[in-house]
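Coordinates in review
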Amino acid sequence: MKDVTSMTHAGKLNDGGDTPSGAPARLPQTPDPRWDTIDWNVVYRKVRHLQQRIAKAMQAGKPGKVRALQWLLTHAWYAKLLAVKRVTTNDGKRTPGVDGVLWRTHDAKLRAARDLRRRGYRAQPLRRIHIPKGNGKTRPLGIPTMRDRAMQALYLLALAPVAETTADPNSYGFREYRGTADAIGQGFLCLCQRWSGTWVLEGDIRACFDHISHEWLVAHVLIDRRVLRQFLTAGFIWQGKLFPTTAGTPQGGIISACLANLVLDGLEQAIHAAAAPSPTNLIRYADDFLVVGRDATILNDRVIPAITAFLHPRGLALSEEKTVITSVFTGVDFLGQHLRKYGAQGKLLITPATKNVRRFLANVKKLIGASYHLSREELVRRLNAKIRGWANYHRHICAKRTFSQVDYQIEDMLIRRERRMNPHMRVREIYRRYFINGPYGGTRKVLPQGSAYAGERRLLAAHTPIVRHVKVRSAANPYAPEHEAYFAARRKRRRHQDETVSQSTERLLAD
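Scoring rules and cut-offs
- Residues numbered from 1 in each chain as written.
- Predicted model: local features only at pLDDT ≥ 70, side-chain atom pairs only at ≥ 80, totals over all residues.
- Heavy atoms only, no water.
- Helix = DSSP H or I, 4+ residues; strand = E, 2+ residues; numbered from the N terminus.
- Buried < 20%, exposed > 50% of the residue type's maximum accessible area, 1.4 Å probe, protein only.
- Contact = heavy atoms within 4.5 Å.
- Areas by Shrake-Rupley, 256 points an atom, 1.4 Å probe, with all protein chains shown as cover.
- Polar contact = N/O pair within 3.5 Å; in protein donor to acceptor, adjacent residues only side chain to side chain.
- Core = buried A, V, L, I, M, F, W, Y, C linked by side-chain atoms within 4.5 Å.
- Patch = residues over 30% accessible without salt bridge, like charges linked within 9 Å, V, L, I, M, F, W, Y side chains within 5 Å.
- Salt bridge = Lys/Arg side-chain N within 4 Å of Asp/Glu carboxyl O.
- Pairing = 2+ DSSP bridges.
- Axes fitted to C-alpha atoms, helices over the stretch in contact; angles between N-to-C directions.
- Left-handed = near helix turned anticlockwise from the far one by under 90°.
- Nonpolar A, V, L, I, M, F, W, Y, C, P; charged D, E, K, R; others polar.
- pLDDT = per-residue confidence, 0-100.
- Parallel < 35°, antiparallel > 145°, perpendicular 65-115°, else oblique.

Examining the overall build of the protein chain
Per the secondary structure count, the protein chain includes 17 helices and 13 strands. Counting only residues that meet the buried cut, the protein chain has 50% of its 511 residues in that class. Looking at the protein chain alone, contacts between residues at least 24 apart form 69% of all its contacts between residues at least 6 apart. In the structure as shown, the protein chain presents an accessible area of about 25400 Å², 52% of it carried by carbon and sulfur atoms.

Written as structure tokens, this is what we have:
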């Protein structure tokens, strides 16, 4: 196959190369001379159309046609523009790789799009950093160069329709239009009825991203094998030394999450086959999962061995210390939320997990403890951002009581801060000067001392309304044309819901 680097305005291949069998000889693309004049609606529409064709070919069981369409997509100008746009607008746009290069200007972005070629491509080593985890340990993270990130984003555009078509129905991690709220919603559906299973296998895969077999990925993932090997074997640089990578996918790479999902797809079917005829349900978010069943013995003697046998060829294994079987009447923590049944009737309640609440309050305490150099309005702005994000995450469950308790503790932290900053001021005077409507009731306002500025209202977590989340359909595919209207309706409903919650919060802050 010959690499396509440029197209004529008519869209024909102009390098004399032949297209793969089964692929059309024309590509709907026209290079734009200026980055700021690109019509991104057209770019999205053209790329999405080709992705839908890939998904349709995958559903029809035509891997040859899938590869041909993937070749077209990864050589298309519009797809290259979209890949560069993604890596220059996400959170990592200011984080360079080992070469120290960033794409900041319009000209640099256009040159980068033109340089995304398969021919002669070699991935550079990753820049290794370590980020702290909640348990005190660190997680190794590999930072690819901007060009490698763009290549991964380009090939992810071709791989995502395949991954969505072959995905397990109840896999919710790192997939389009799915999230933690959908995973928790599926957990509710599996546990809420009286006849639902009462035993839960909490599964965790040991260092999933670090141990995935390269051989298995190359043999089973439907993508350009040469480029995939470049992504997997790039190595990393740590303390000035180059270390090779013989297993795993690079954490920090754009395509890594999709590859991990492809490795774990099929786990749901393996569990159902092992537990049959006893009914079981799987809820998976990335490498964390729950298996709900009616018999603890079946989960222990049949399901766990089936999971182990499924993971072994892929180079993975269960974490023994984190894989446990628990009664739903004891409670299960999953994705920062606690699922538990209460009473003889088995009433299921989902609340914020205690560990999650403690971690959030620890972060707030750290912010307040390091805020003595900040003005009060700046502190409240930063505090509101944290409260808003945490409360919105838990707004779909039974969280009102927890929200009130969190508000109480945050206010106590703020009072301690004011008492430390004003050691000669009485507590009553601190209340009168800095808090409105008393120390623990109503909406408060922190006022800057000696300023005409009215101050920033402190957002209470209890201001966040509880809104029921409608779980996504398990079989819905965002790349299938028949589900396009369904996802459009979900996006519209989600925007309306977010606007309603935002207006409600702003109204309370203004009162």
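Quick word on the environment of Arg 340
Within the fold, Arg 340 resides in strand β10 (residues 337-342). Classification of Arg 340 as partly exposed rests on a relative accessible area of 29%. Sequence separation between Arg 340 and Thr 330 is 10 residues, and the spatial gap between their C-alpha atoms is 6.5 Å. With near-sequence residues (within four places) excluded, Arg 340 lies in contact with Val 328, Phe 329, Thr 330, Gly 331, Lys 347, Leu 348 and Leu 349. Within polar-contact distance, the side chain of Arg 340 engages the backbone oxygen of Phe 329 at 3.1 Å.

Things to note about the nonpolar core
Among the nonpolar cores identified, the biggest contains 84 residues, and Leu 81, Leu 159, Val 303 and Ile 307 are the most heavily contacted of them. Considering each element in turn, this core owes the most residues, 12 residues, to helix α5 (residues 146-166). Dropping the residues within four chain positions of it, Ile 307 is found in contact with Leu 201, Leu 267, Ile 271, Phe 289 and Leu 318. One finds Leu 191, Val 200, Tyr 285 and Ala 476 within the second-largest nonpolar core, a separate group that totals 47 residues.

Quick word on a nonpolar patch on the surface
A contiguous nonpolar surface patch, about 230 Å² in accessible area, is contributed by Val 98, Ile 237 and Leu 242. With respect to the element layout, Leu 242 can be found in strand β5 (residues 241-243).

Let's talk about the sheet that holds strand β4 (residues 236-238)
A sheet is described by the order of its strands in space; here four strands give the open sequence β2-β1-β4-β5, paired in mixed fashion. Of all strands in the sheet, those bounded by a partner on one side alone are β2 (138-143) and β5. Sheet twist, expressed as the average angle between the axes of neighbouring strands with direction ignored, equals 45°. Two strands pair when backbone bridges link them, and strand β1 (residues 126-132) and β4 are joined in this way by two bridges, in the parallel orientation. Looking at the pairing, Arg 127 lines up with Ile 237 of β4.

A short note on the packing of helix α11 (residues 267-275) against helix α12 (residues 296-311)
Working note: a packed helix pair is described by the angle between its axes plus the distance between those axes. For the pair α11 and α12, interaxial distance at closest approach is 9 Å and the crossing angle is 145°. Classified by chirality, the crossing of α12 by α11 is right-handed. Of the residues in α12, those touching α11 at Leu 267, Ala 270, Ile 271, Ala 274 and Ala 275 are Ile 298, Arg 302, Val 303, Ala 306, Ile 307 and Phe 310. Residues of the contact of α11 with α12, tallied by class, amount to 10 nonpolar, no polar and one charged.

As for the sheet that holds strand β11 (residues 347-352)
Adjacent strands of a sheet pair through backbone hydrogen bonds, lying either parallel or antiparallel. Read from one edge to the other, the open sheet built from three strands follows the order β9-β10-β11, with strand pairing classed as antiparallel. A strand with exactly one partner marks an edge of an open sheet, and here the two such strands are β9 (332-334) and β11. The sheet shows a mean angle of 25° between the axes of neighbouring strands, taken without regard to direction. Sitting on the sheet, helix α6 (residues 180-191) is in contact with β9, β10 and β11, with an inclination near 15° to β10.

Regarding unusual backbone geometry
Following Ala 276, the chain continues into Pro 277 via a peptide bond in cis, with omega recorded as 5°. Mapped onto the fold, Pro 277 is located in the loop between α11 and β6 (280-285). Positive phi values are uncommon outside glycine, yet Phe 174 reaches one of about 55°. Within the secondary structure layout, Phe 174 lies in the loop between α5 and α6. The phi dihedral of Ala 286 falls on the positive side, at around 60°, and the residue is not glycine.

A closer look at the pairing of β1
Pairing of β1 with β2, which is carried by six bridges, proceeds in the antiparallel orientation. Along β2, the bridge assignment pairs His 130 with Pro 140.

With respect to the confidence of the model for the protein chain
One rule of thumb: low pLDDT means the predicted coordinates there are not for detailed reading. Considering every residue of the protein chain, the mean pLDDT works out to 86; 88% of them sit at 70 or more. Within the protein chain, no element has a lower average pLDDT than strand β12 (residues 445-446), which sits at 48, and none a higher one than helix α2 (residues 63-74), at 97. When the criterion is pLDDT under 50, residues 1-19 qualifies, and its contacts beyond four places in sequence or with other chains add up to 42 contacts. Across residues 23-28 the pLDDT falls below 50, and counting only partners more than four positions away or on other chains, this stretch makes 16 contacts in the model.

Considering the packing of helix α3 (residues 77-87) against helix α4 (residues 106-114)
The contact between α3 and α4 brings their axes to 9 Å, and the two run at 130°. Here α3 is positioned oblique relative to α4, judged by the angle of their axes. Two packed elements cross with a definite hand, and for α3 against α4 that hand is right-handed. In this structure, α3 contributes Trp 77, Lys 80, Leu 81 and Val 84 to the contact, and α4 contributes Lys 109, Leu 110, Ala 112, Ala 113 and Arg 114. Its residues assigned to classes, the contact of α3 with α4 comprises six nonpolar, no polar and three charged.

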